[in-house]
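Each chain is listed here by its residues.
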Amino acid sequence: MRRRLILTAISAIMSITSFAQTKAETLSFAINDSQIYPGTSRTISVYVPSTYSGDKPACLAIMMDGIIYGLQGAIEDLSKSEEMPVTIAVGIEPGKILDSDGNVIRYNRSNEFDRTDGVFASFLELEVIPKVKELTTQDGRKVLLSDRPEDRMVLGASSGGIAAFAAAWNRPDLFSRVYSIVGTYVPMRGADRLPGIMRKAEPQRIRFYLQDNDKDSWNELFGSWYEYNLLLNSALEFAGYEVEHHWDKGGHNGNNGAAVMKDALKFLWKGWPEAVGLGSSGNETLNAITTGNPDWEKMSFPTMEEQKNWESTCAGLEAIYPGGQHCAIVEAGDNWVMNYTRSENGTLSNGQEFYYLYEPAYAIQFDNEGYLYCLTSLGIEACDQNGRVRVILSTPPGKRVLAFKLSDSRIEVKCEDGKFYSKPIKRKGLADPLSSPIPKSEGQG
């Protein structure tokens, strides 16, 4: 027994000594062979804090334009005080295309950071994170990263702020915590649309911290950064997100964002390791259609014949309104969907551009209340009887949807990888539009 106690004490002393000798370290590597951004080159920096032991996966913080604005020191201090988990930081330099002499042919920063789609998130998922996981520190600690979205945050300043926002919003399966400093939610590459989209889209499991300055405007051509941040903050609150903001005096710089870095991290990581919760949207139409859970369930078909039958009843480029009095038809590549009145013998007339979408549709279908569901690159946009998008249903994150259908209180999709998913909704599809009851009119409001 005495010998066992001595060995246990020695082991504990060795463990303490090993921890005390662990040092913070910054690693780096280059990406010159990107398939997502062909021809670009960039440097990726990786900060491994002294609190990282290397024996279990760490949390992840990805920051645009490098690891800046005091993030390293904040991680060191807060992970030591256990006010945030042990976290490895990754700094992403934007890509450049260089000639043989090293001169810049093209800067890629705005194209990578200012967009609102999921391309940059795919770059992080497929080309950055796997390379980070291959690294080892000089003292032999293998870089282990958690794959859970609740263990990952993304942050950045200016265009890096919108990059962080878009990465998480498009891929809530990858990231659940966002810190945006003087974010570029302005009319550059569509980010000015985000406040409206947030009010209509299904909430995701994401927590936000927004920082901006009252005179923030890098280029007045694009408007006031500050005003757009105010709009986005209001929209996120309306949509039920857990969001904190910090507005300061000043112009377009990250100094104030750096000053509140620790406060932002404490807010974003509070409650960890629990997942970020889902809020309740103020969008009454959204709540009347969805169940409040954005998650999709995998579907399977016992036979190929059943799968073919499913595909044969998917939404198409035309949809008949319940009762058959009018009809919607997609014009290829257009944000407008046409509406025609329809006679009893099927003759169409009085065609108008009627339903206006955020993105062009490539399949449409009515529900039993006369709402038109439109499959777009943004999600499934649902228009009211008067042609306005009221709801945006998320699609399975990271997957391109090829087809969808409304069934009996469910929405079902087929993805490009050949997999099928479904989730319940409170509306119903139309087995036979012509014999379906005409829904109650919403009037002209």
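From a predicted model like this one, the values you see are computed outputs, not experimental measurements.

**Q** Just to check I follow, could you spell out the confidence of the model for the chain for this structure?
**A** Detail in the predicted coordinates should be disregarded across regions flagged by low pLDDT. For the chain, per-residue confidence averages 94 on the pLDDT scale, and residues scoring 70 or more make up 95% of the total. In this model, residues 4-20 is a region of pLDDT below 50 whose contacts with residues beyond four sequence positions or in other chains number two contacts.

**Q** Just checking my understanding: could you explain the packing of aromatic side chains for this structure?
**A** Each pair of aromatic rings is reported with the distance of its centres and the angle of its planes. In this structure the tally under the stated criterion is 18 aromatic pairs. Judged by centre distance (5.3 Å) and plane angle (85 degrees), the rings of Tyr179 and Tyr209 are edge-to-face. Of the two residues, Tyr179 is situated in strand β8 (residues 177-181) and Tyr209 in strand β9 (residues 207-213); the sequence distance between them amounts to 30 residues. Exposure remark for Tyr209: the relative accessible area of 4% places this residue in the buried category. An aromatic cluster is defined as three or more aromatic residues linked by ring pairs; in this entry it consists of Tyr37, Phe113, Phe120 and Phe123. Seen from the ring of Phe238, Arg199 lies directly overhead, with NZ or CZ sitting 4.9 Å from the centre. Its end group placed over the ring of Tyr371, Arg427 keeps NZ or CZ at 4.7 Å from the ring centre.

**Q** Sorry, what's going on with the packing of helix α2 (residues 71-80) against helix α9 (residues 261-269) here?
**A** Relative orientation and spacing of two packed helices are given, respectively, by the angle between their axes and the distance between those axes. Closest axis-to-axis distance for the α2/α9 pair is 9 Å, and the angle between their directions is 55 degrees. One element, α2, and the other, α9, form an angle in the oblique class. Regarding α2 and α9, the two cross each other, and that crossing is right-handed. Between α2 and α9, the contacting residues are Leu71, Ala74, Asp77 and Leu78 on the first element and Met261, Lys262, Leu265 and Lys266 on the second. Considering only residue class, the contact of α2 with α9 consists of five nonpolar, no polar and three charged.

**Q** Which parts of the structure should I look at to understand the pairing of strand β18 (residues 380-383)?
**A** Moving residue by residue along a regular strand, the side chains alternate between the two faces of the sheet. Here β18 shows two buried faces, one formed by Ile380 and Ala382 and the other by Glu381 and Cys383. The sheet contact formed by strand β17 (residues 372-375) and β18 spans four bridges and is antiparallel. Following the sheet pairing, Tyr373 is matched in β18 by Ala382. Relative to strand β19 (residues 389-393), β18 runs antiparallel, the two being bridged by four bridges. When the sheet's bridge partners are listed, Ile380 is paired in β19 with Leu393. Counted along the chain from β18 to the antiparallel partner β19, the turn is five residues long, and its residue Gly387 has a positive phi close to 90 degrees.

**Q** Even after reading the chapter, I still don't get the sheet that holds strand β12 (residues 318-320), so can you show me in this structure?
**A** Strand pairing within a sheet occurs via backbone hydrogen bonds; the two strands may be parallel or antiparallel. Read across the open sheet, the four strands follow the order β12-β13-β14-β15; overall the sheet is antiparallel. The open sheet terminates on both sides in strands that have one partner only, identified here as β12 and β15 (348-356). Neighbouring strand axes in the sheet, compared pairwise and without regard to direction, differ in orientation by 25 degrees on average. Note: β12 against strand β13 (residues 326-330), three bridges, orientation antiparallel. Paired with Ile320 across the two strands is Cys327, which belongs to β13.

**Q** What is the right way to read the pattern of salt bridges from this model?
**A** Applying the stated criterion across every chain yields a total of 27 salt bridges. For Asp117, the salt bridge goes to Arg115, with nearest N and O atoms at 2.6 Å. Taking relative accessible area as the criterion, Arg115 reaches 27% and is therefore assigned partly exposed. The salt bridge partner of Asp408 is Lys428, with a shortest N-O separation of 3.8 Å. Taken as a pair, Asp408 in the loop between β20 (401-407) and β21 (410-415) and Lys428 in the segment after β22 (420-424) lie far apart in primary sequence, 20 residues in all. Connected through salt bridges with shared partners, the residues Glu125, Arg171 and Asp173 form a single ionic network.

Conventions and cut-offs
Position labels on residues start from 1 in each chain and follow its written sequence. Reporting in this predicted model follows two pLDDT cut-offs: at least 70 for local features of residues, and 80 or more for side-chain atom pairs to be given and counted; totals over whole chains, interfaces and linings ignore these cut-offs and use all residues. By convention in this description, side-chain values take in all heavy atoms of the structure and omit both hydrogens and water. Summary of the metric used: pLDDT quantifies the predictor's per-residue confidence within the range 0 to 100. In what follows, residue pairs with any heavy atoms lying within 4.5 Å of each other are defined as contacts. Stacked, tilted and edge-to-face are the three classes applied to pairs of Phe, Tyr and Trp rings, where Trp contributes its six-membered ring and a pair requires centres within 6.5 Å; stacked means planes under 30 degrees apart, edge-to-face means over 60, and tilted covers the rest. A run of H or I in DSSP counts as a helix once it spans at least four residues, and a run of E counts as a strand once it spans at least two, with each numbered from the N terminus. A simple rule labels every residue: compare its accessible area, found with a 1.4 Å probe on the protein chains alone, to the largest value its type can have, and call it buried under 20%, exposed over 50%, or partly exposed in between. The criterion is that NZ of a Lys, or CZ of an Arg, lies within 6 Å of the ring centre and within 35 degrees of the ring normal, and then a charge sits over that ring. Here the axes come from fitting lines to C-alpha atoms, over the contacting stretch only for helices, and the angles between their N-to-C directions go from 0 to 180 degrees. Just so you know how the angles are binned, under 35 degrees is roughly parallel, over 145 roughly antiparallel, 65 to 115 roughly perpendicular, and the rest oblique. We call a crossing left-handed when the near helix sits turned anticlockwise from the far one by less than a right angle, and right-handed when that turn is clockwise. Note that Gly is not counted as nonpolar here; it falls among the polar residues with everything else outside the nonpolar set of Ala, Val, Leu, Ile, Met, Phe, Trp, Tyr, Cys and Pro and the charged set of Asp, Glu, Lys and Arg. Two strands are said to pair when DSSP picks up at least two bridges between them. One speaks of a salt bridge when a side-chain nitrogen belonging to Lys or Arg is within 4 Å of a carboxyl oxygen belonging to Asp or Glu.

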